Amino acid sequence: MVSTGNPERMWWSKDTIVLVTGANKGIGLQLVRELARRGLTTILTSRDESSGRKAIESLLEEGIDRERLVYHQLDITSPDSVDALADWVSRSYGSIEILVSRDLELEFRCFSSRPADSSLFSSLVFFQINNAGVNSIGVPDLEQAKYVVETNYYGTKRVIEAMVPLLKPGARIVNVSSKAGDLAYLKNEWNAKLEDIATLTPSKIDEMIQEFFRAVEAKEIKARGWPCMGEELPLAPPEMLAGYSLSKIALNAYARIIAEKLAREKEIFLNSMCPGSTSTAMSGFRGHSVEIGADTAVWIALLPPGTPEEPLPHGRFFMDRKDVGFSQMPVFYDGQFYKSLGELPKSK
């Protein structure tokens, strides 16, 4: 049995430090808002410093305590930027207890290779939410696929690896991921390989990614069994969102590998979640509110400390505070569950 008690039994303090990636708007900004309002010291990060500082000002105008808000620049695609952040966190806050790692604040890139907006969320009691990421509408070419995977998978992985040495026993990592990372979207031999967590390694994930890139280059995404979310949508090309989906499948696989290791060796608890289709720029402002989208990440981050009888969960995937697993996930849309994208209300 795992601990899922009432997180509003306040165990944190102003010394609990939170770091959120991609936090200048959308779900990332809502996460900062929710946590700072609860009295945690929350670090808002973004690739573009100007937009990040404007986001801080908007929260101050809402009446959030200035002492609870901190800004730091972060570009998750830049190793130097990630290293600089880790060094600053170490010097400013020392050790860390909670890392809530929000996978993505997605942005649609319509056949664009503009850099991603990025940021991170962490804590001394330390939370880290990795919320930075990108998307590309349509059938990806090789350049687009590489850009999306480098940002969403390798960028998030880079941030986690840089921050883990700063985490204390009892720390948490929450990856904000996506239904797009559903293992069921893989229709080739990699489905079984990723299911076999006992033999899965980061190098195997790298191998899978390279095979996907070769299929993209050969224009054989569907023929070779790679993700085709577009098959569930009317009038959409089957390969629509293939790069984004593959990046999320890779991230979910990596999370499953390291979650067990971190829990066993360091008592650090990593879980993943999907906010569902949330009304942000990425979704064309369709779906439920950012309050609903952010709720589960906040809930996981603030779960009360575990006990030997009821340890904190790790290696799980949540939607709407429910463990839905990593394969055959439901769709969370407008605050409700559906079996597939094709079942979503036509009027929404």
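Here the structure is shown first, and the text comes after it.
Presented here is a report on the structure given in the accompanying data block. These figures come from a predicted structure and were not determined experimentally.

Cut-offs applied
- Residues numbered from 1 in each chain as written.
- Predicted model: local features only at pLDDT ≥ 70, side-chain atom pairs only at ≥ 80, totals over all residues.
- Heavy atoms only, no water.
- Helix = DSSP H or I, 4+ residues; strand = E, 2+ residues; numbered from the N terminus.
- Polar contact = N/O pair within 3.5 Å; in protein donor to acceptor, adjacent residues only side chain to side chain.
- 1 Å grid on protein atoms, 1.4 Å probe; cavity = no way out; pocket = protein on both sides within 12 Å on 5 of 7 lines; lining within 4 Å.
- Points joined across faces, edges and corners; volume = space filled by probe spheres on them.
- Nonpolar A, V, L, I, M, F, W, Y, C, P; charged D, E, K, R; others polar.
- Buried < 20%, exposed > 50% of the residue type's maximum accessible area, 1.4 Å probe, protein only.
- Pairing = 2+ DSSP bridges.
- Expected span 1.5 Å × (residues − 1).
- Core = buried A, V, L, I, M, F, W, Y, C linked by side-chain atoms within 4.5 Å.
- Contact = heavy atoms within 4.5 Å.
- Phe/Tyr/Trp six-rings, centres within 6.5 Å; stacked < 30°, edge-to-face > 60°.
- Lys NZ or Arg CZ within 6 Å of the ring centre and 35° of its normal.
- Salt bridge = Lys/Arg side-chain N within 4 Å of Asp/Glu carboxyl O.

### Examining the environment of Asp 65
Tracing the sequence through the fold places Asp 65 in the loop between helix H2 (49–61) and strand S3 (69–73). A sequence separation of 29 residues divides Asp 65 from Ala 36, and the C-alpha atoms of the two residues are 7.7 Å apart. Among the polar contacts listed, one links the side chain of Asp 65 to the backbone nitrogen of Glu 67, at a separation of 2.9 Å.

### Here's the deal with empty space enclosed by the protein
A full pass over the atoms with the stated rule returns two cavities of 30 Å³ or more. Empty space within the largest cavity amounts to approximately 50 Å³. In terms of residues, the lining of the largest cavity owes the most to one element, helix H7 (residues 242–266), which gives four residues. For the lining of the largest cavity, the residue count by class is five nonpolar, two polar and one charged. Taken as a whole, the second largest cavity encloses approximately 40 Å³ of empty space. Every residue lining the second largest cavity is listed: Arg 172, Phe 269, Asn 271, Ile 300, Leu 303, Leu 312 and Pro 313. Residue composition of the lining of the second largest cavity, by class: five nonpolar, one polar and one charged.

### Comments concerning the environment of Arg 9
Along the chain, Arg 9 turns up in the segment before strand S1 (17–20). On the basis of relative accessibility, which here comes to 52%, the residue Arg 9 falls in the exposed class. For the pair Arg 9 and Pro 304, spaced 295 residues apart in sequence, the C-alpha separation works out to 7.2 Å.

### Quick look at the pairing of strand S9 (residues 172–176)
Judged by how many residues are buried, S9 sits mostly within the fold: five of five residues are covered. Burial along S9 is two-sided: the residues Arg 172, Val 174 and Val 176 and Ile 173 and Asn 175 are all buried. Pairing analysis gives five bridges linking S9 to strand S10 (residues 269–273), with the strands arranged parallel. Looking at S10, one finds that Asn 175 is bridged to Ser 272.

### Side note on helix H8 (residues 290–301)
Compared with the 16 Å implied by 1.5 Å per residue over twelve residues, the 17 Å span of H8 between its first and last C-alpha is a close match. H8 sits mainly inside the fold: nine of its twelve residues count as buried. For H8, the set of buried residues is Val 290, Gly 293, Ala 294, Thr 296, Ala 297, Val 298, Trp 299, Ile 300 and Ala 301.

### Details of the nonpolar core
Within the largest apolar cluster, 50 residues are counted, with the highest numbers of intra-cluster contacts made by Leu 194, Ile 205, Met 208, Ile 209, Phe 212 and Trp 226. Secondary-structure elements contributing two or more residues to this core are helix H4 (142–163), helix H5 (190–195), helix H6 (202–217), H7 and strand S13 (331–333). In terms of residue count, the dominant contributor to this core is H7 (13 residues). Each residue touching Ile 209, except ones within four places of it in the same chain, is listed here: Val 149, Tyr 153, Tyr 154, Leu 246 and Ala 250. Membership of the second largest hydrophobic core comes to 33 residues, among which are Ala 23, Val 32, Ala 36 and Met 273.

### Considering the packing of aromatic side chains
One pass over the full model with this rule turns up nine aromatic pairs. Note on Trp 11 and Trp 12: the rings are 5.6 Å apart at their centroids and 85° apart in plane angle, and the pair reads as edge-to-face. Residue Trp 12 is classed as buried on the basis of its relative accessible area of 6%. On the basis of an interplanar angle of 40° and a centroid distance of 5.3 Å, the ring pair of Phe 332 and Phe 337 is categorised as tilted. A relative accessible area of 4% means that Phe 332 is categorised as buried. Linked through ring pairs, Tyr 153, Tyr 154 and Tyr 254 together constitute an aromatic cluster. When the ring centre of Phe 213 is taken as reference, the NZ or CZ atom of Lys 146 above it lies at 5.9 Å. Geometry around Phe 326 places Arg 256 over its ring, the cationic atom sitting 5.7 Å from the centre.

### Some thoughts on the pattern of salt bridges
Enumeration over the complete set of coordinates arrives at 17 salt bridges. Among the ionic pairs, Glu 62 bridges to Arg 33, the shortest N-O distance being 2.9 Å. Placement of Glu 62 in the loop between H2 and S3 and of Arg 33 in helix H1 (residues 26–37) is noted, with a sequence separation of 29 residues between them. Given a relative accessible area of 39%, Glu 62 falls into the partly exposed group. Taking the relative accessible area as the measure of exposure, Arg 33 reaches 13% and is therefore buried. Among the ionic pairs, Arg 53 bridges to Glu 49, the shortest N-O distance being 2.8 Å. Of the two residues, Arg 53 and Glu 49 both sit in helix H2, four residues apart, roughly one turn of that helix. Its relative accessible area of 43% is what places Arg 53 among the partly exposed residues. A relative accessible area of 38% means that Glu 49 is categorised as partly exposed.

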